[in-house]
Amino acid sequence: MKKTLYLTIVTVLFSTCSNDTDCSGFPEKRKVWLPYYKGELVNFSSGNASQSFAFNDVYSTLPYTIHGNESLDCECMTHCYSDIDSANNIQMKCDAEKLKLRTEYKIQFQHFGWQSKYYVPTQIDFFEFDIKTDDKIEGGEIIDELELNNQIYNDVLKIEIDTISNKKTEIYKVYLAPECGIIRYDYRNGKSFKITDAATIIDSL
């Protein structure tokens, strides 16, 4: 009886361990489109106008293990949220989630204003694209070469919002470069904000 009970326990334990799933965390090669880190300040300019994004909320899923439930898929994500640029009433929020067959990316430009006594987003310009497991990109157009401020960027991803069905859109076009993230974004009023310099560390951190 004791021998049978011992074998039963060993069998259960072995079965449980064999169902463990190791999740690798959010893959580094998928971070190249959103490479921001905590404490990074990214500056853009359009003529005499400038906008700055201080990324103080940055997170990526680290490697972990799902114990004893083989039916669950790994959930791996990353996000990079800037502070609100109060001088321009704008905030950038970037998210990505790795799924089984693709990685989904979402980028938001949130425009703030006062409604009654609350300072809230009054308009959100929303961009998204996917990268398949075979590295095929869907939801944007790849530009082989783009020059900004005397610097050449290769394999630039351009994403454009349909302004006919999104009539309130302010920023309607965004450009991303591998290892750099967003390098340019265009307003419907004709202003084009371009990245101005290398990222810097925020002094207060």
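Computed from a predicted structure; not experimentally measured.

### Points about the overall build of the chain
Logical step 1: Along its length, the chain carries one helix and 15 strands.
Logical step 2: Expressed as a percentage of its 205 residues, the buried residues of the chain come to 38%.
Logical step 3: Taking the contacts inside the chain whose residues are at least 6 apart along the sequence as the reference set, 49% of them involve residues at least 24 apart.

### Examining a negative patch on the surface
Logical step 1: On the surface, Asp-144, Glu-145, Glu-147 and Asp-155 cluster together into a patch of negative charge.
Logical step 2: Residue contributions to the negative patch peak at three residues, all from strand S10 (residues 141-148).
Logical step 3: Relative to the assigned elements, Asp-155 resides in strand S11 (residues 151-160).

### Details of the nonpolar core
Logical step 1: In this structure, Phe-44, Phe-109, Leu-176, Ile-182, Ile-183 and Tyr-185 are the most contacted members of the largest nonpolar core, which totals 39 residues.
Logical step 2: Sort the elements by how many residues they give to this core and strand S12 (residues 171-177) lands first, with five residues.
Logical step 3: When sequence neighbours within four positions are dropped, the list of residues in contact with Leu-176 reads Trp-33, Leu-34, Ile-107, Asp-155, Val-156, Leu-157, Ile-159, Gly-181 and Ile-182.

### A word on unusual backbone geometry
Logical step 1: The phi dihedral of Asn-89 is positive, around 55°, even though this residue is not glycine.
Logical step 2: Summarising the element assignment, Asn-89 is placed in the loop between strand S5 (76-82) and strand S6 (90-98).
Logical step 3: We note that Asn-149 has phi near 50°; this positive angle belongs to a residue other than glycine.
Logical step 4: Residue placement: Asn-149 occurs in the loop between S10 and S11.
Logical step 5: The class of Asn-149 is partly exposed, set by a relative accessible area of 48%.

### Considering the state of the cysteines
Logical step 1: In total, this model carries one disulfide according to the counting rule given.
Logical step 2: Two residues share a disulfide in this structure: Cys-23 and Cys-74, whose sulfurs sit 2.0 Å from each other. Its torsion about the S-S bond being -85°, the disulfide of Cys-23 and Cys-74 is classed as left-handed. Taken together, the residues Cys-23 in strand S1 (residues 21-23) and Cys-74 in the loop between strand S4 (64-66) and S5 connect sequence positions 51 residues apart.
Logical step 3: Considering cysteine sulfurs only, Cys-94 is the nearest to Cys-80, which forms no disulfide, with 5.8 Å between them.
Logical step 4: Cys-80 sits in the buried class, given a relative accessible area of 1%.

### Points about the pairing of S5
Logical step 1: Across the seven residues that make up S5, a large majority, six, are buried.
Logical step 2: Inspection of the sheet shows strand S3 (residues 49-60) paired to S5 by five bridges, in the antiparallel sense. Looking at S5, one finds that Tyr-59 is bridged to His-79.
Logical step 3: Direction of pairing for S5 relative to S6: antiparallel, over a ladder of six bridges. Each bridged residue has a counterpart across the sheet, and for His-79 the counterpart in S6 is Asp-95.

### Description of the packing of aromatic side chains
Logical step 1: This structure, assessed with the given rule, holds 14 aromatic pairs.
Logical step 2: Both rings, one in Tyr-185 and one in Phe-193, keep their centres 5.5 Å apart while their planes meet at 10°; by these two values the pair is stacked.
Logical step 3: In this structure Phe-193 comes out as buried when scored by relative accessible area, which is 3%.
Logical step 4: For Lys-93, the ring lying beneath its charged end belongs to Tyr-81, and the centroid distance is 4.6 Å.

### Remarks on the confidence of the model for the chain
Logical step 1: Here the chain averages 87 in pLDDT, and 85% of its residues register 70 or above.
Logical step 2: Low pLDDT, under 50, characterises residues 4-17; the stretch is placed with one contact to residues that sit more than four places away or in other chains.
Logical step 3: Note on residues 201-205: pLDDT under 50 across the span, and 11 contacts to partners over four residues away in sequence or across chains.

Here is what the cut-offs are and how they apply
Residues numbered from 1 in each chain as written. Predicted model: local features only at pLDDT ≥ 70, side-chain atom pairs only at ≥ 80, totals over all residues. Heavy atoms only, no water. Helix = DSSP H or I, 4+ residues; strand = E, 2+ residues; numbered from the N terminus. Buried < 20%, exposed > 50% of the residue type's maximum accessible area, 1.4 Å probe, protein only. Contact = heavy atoms within 4.5 Å. Patch = residues over 30% accessible without salt bridge, like charges linked within 9 Å, V, L, I, M, F, W, Y side chains within 5 Å. Areas by Shrake-Rupley, 256 points an atom, 1.4 Å probe, with all protein chains shown as cover. Salt bridge = Lys/Arg side-chain N within 4 Å of Asp/Glu carboxyl O. Lys, Arg positive; Asp, Glu negative; His and termini not counted. Charge placed at Lys NZ, Arg CZ, Asp CG, Glu CD. Core = buried A, V, L, I, M, F, W, Y, C linked by side-chain atoms within 4.5 Å. Disulfide = S-S within 2.5 Å. Pairing = 2+ DSSP bridges. Phe/Tyr/Trp six-rings, centres within 6.5 Å; stacked < 30°, edge-to-face > 60°. Lys NZ or Arg CZ within 6 Å of the ring centre and 35° of its normal. pLDDT = per-residue confidence, 0-100.

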